[in-house]
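Below are the chains, spelled out letter by letter.
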Amino acid sequence: MNISHSIRKKITQYILLCLSLLIIFNITYWSYNQYSSINNLLTRNRTVTENNVATIISKHTNLLTAISNDDIVKNPSLLLSQRIEFVRSYQEAFNIEILGISDINGNAATTYRDSMENINYRSYFKQAIQQNKLIISNLIYSPISNSYIYIICIPFSGSSNDGVIFASVSYAEIKKALAYQENTSIKNNILNECIAGNNNCRNINILKSDKLYSSLDNNKISLNIRNKKIFSYHAINSNHQLELLTLRPLKNTPWYLVSTLNYNQYLNERFIFVIINILISILTSVAIGYYLMKKIAVITSPIDTFIKESTFIVPMQSESNNDNININHHFNNIISTTKDGVYCSRTNLLNRKYFIQHANIMIQKRHNDFALLFIDLDNLKTINDTLGHHYGDDVIKMFAQHVTSFFNQPSDLMGRFGGDEFIVLTDNFNNEKDLIAKLQLLNTELSGSVSNGNIIIPFSASIGVALTDNNTRDIEQLIINADKAVYDSKKKGKNCYSFYISH
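What counts as what
Residues numbered from 1 in each chain as written. Predicted model: local features only at pLDDT ≥ 70, side-chain atom pairs only at ≥ 80, totals over all residues. Heavy atoms only, no water. Helix = DSSP H or I, 4+ residues; strand = E, 2+ residues; numbered from the N terminus. Expected span 1.5 Å × (residues − 1). Buried < 20%, exposed > 50% of the residue type's maximum accessible area, 1.4 Å probe, protein only. Arc of directions from axis to C-beta. Contact = heavy atoms within 4.5 Å. Core = buried A, V, L, I, M, F, W, Y, C linked by side-chain atoms within 4.5 Å. Salt bridge = Lys/Arg side-chain N within 4 Å of Asp/Glu carboxyl O.

### Re helix 9 (residues 352–365)
Here helix 9 is 14 residues long and its end C-alpha atoms lie 20 Å apart, about the 20 Å a rise of 1.5 Å per residue gives. Among the residues of helix 9, Phe355, Ile356, Ala359, Met362 and Ile363 are the ones counted as buried. Looking straight down helix 9, one finds its buried side chains confined to an arc of 130°; they lie on one side. With respect to the buried face of helix 9, the exposed residues turned more than 90 degrees away are Lys353, Gln364 and Lys365. Structurally, helix 9 contributes buried residues whose contacts are with strand 12 (371–377), strand 13 (413–416), strand 14 (421–426) and helix 13 (475–491).

The structure is reproduced here in structure tokens:
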């Protein structure tokens, strides 16, 4: 049994508990912070990407609107081959791969060939004619540049009756606009709007073919896109890394922006910081624990020595496996043993030696007037001889209880001086007249009788009182004086009080 060991054990437990809470707090705070950072990053990515794409689309749309408002270009009396010649200047000025115009039947003239062609079968032409609004095509392979392009198609001057005007947008230009420079863990792509037909959202397969997202549900994605919903998916890519796919409509386009955030790449560097933070917390906790344990060992060393040596006087009685219970039990035994040497076990009053010690301290510290009462239990010997000592013991205990209940102020001091002798030091009186009234009441309280059923023996108290004055403030002298006064009470016939009068 060792207090130092028990305290070190408790310190270790609490440090581990605090460390665990600190680590949990760090991880929770870090996770929340990363969650907020990711949301902010995705928001900035969306805003920048939408603005970039919108700039490209607006540039081409504004150009087509300007061309469609040209009186010569929109003049239906001129042949398409004549009108296209006026469009070539725009192509050269704005460096656009394809510009073209068509009538309502799909007969089209373009800047990249001299002959006419029919685009009536093109879905973007049909939609522009039917819906009378701007339409952007799916990806189309261009043999001119050997690259992929989109076709932006709008009706002439807002009316599809005059045909349409269209221009190409380089996929490379769109892809450049999708590149988000702030963080390399984000990749952007676009999907075309799903329309009725057998090839709905077929380019969703790009996600599977490029990234091998085996967990994606194409049908569910297609349904969400058709319903114009914003939605997200968590998926594992081919490198077994967790990624977040967020799909949302791009403003003023038929496209869906697919933003892919690679968690592994994004959190890689940031995770190092939280690991360093946790390591610092662990090292700090260990250092604090080590310091506390050394201090505890120094402080508790005398106590451990005391416990070890005290077991030779007060044997260990507790057999609990809990050191705290054993230590508490042992200290209670020591306190109980100490009390037995300080207090009377029968009356729980101070014995003679410790009453004198406490009384001396009281008189020296406080400069009040004190009265020392020497109380002798009358007829105790008769009770012991006639009824037996167990009756006498009961009378002593009852007598002590009456004395204790009568002198119930915190400043009153009581003790058992001998077999039938009790002693009280009190300053709870205003003057001698007040003290006399209390003594008369005390004599009444301490009078009684005891019986075994056949014999009744009365008992009472003979009280001697010694008062402090300027010359007498020594407790032992006061006891001597009060003891002399008791004999005067005995001579008076017992059951009374007497004051000591110096001669």
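### A closer look at the nonpolar core
Ranked by size, the top nonpolar core spans 31 residues in total, and within it Leu373, Ile375, Phe399 and Ile463 carry the most contacts. Those elements giving two or more residues to this core turn out to be strand 12, helix 10 (380–387), helix 11 (389–406), strand 14, helix 12 (432–445), strand 16 (456–459), strand 17 (461–467) and strand 18 (497–499). Leu63, Ala109, Ile152 and Ile174 belong to the second-largest nonpolar core, a separate cluster that totals 30 residues.

### Some words on the pattern of salt bridges
Taken as a whole, this structure holds 8 salt bridges when the rule is applied. One salt bridge connects Arg366 with Asp427, and the closest N-O pair in it is separated by 2.4 Å. Within this pair, whereas Arg366 is found in the loop between helix 9 and strand 12, its partner Asp427 is found in the loop between strand 14 and helix 12, the two being separated by 61 residues in sequence. Given a relative accessible area of 28%, Arg366 falls into the partly exposed group. Between Asp378 and Lys490 there is a salt bridge, and its shortest N-O distance comes to 2.7 Å. Of this pair, Asp378 sits in the loop between strand 12 and helix 10 while Lys490 sits in helix 13, and the two are 112 residues apart along the sequence. Overlapping salt bridges bring together Glu85, Arg88 and Asp114 as one network.

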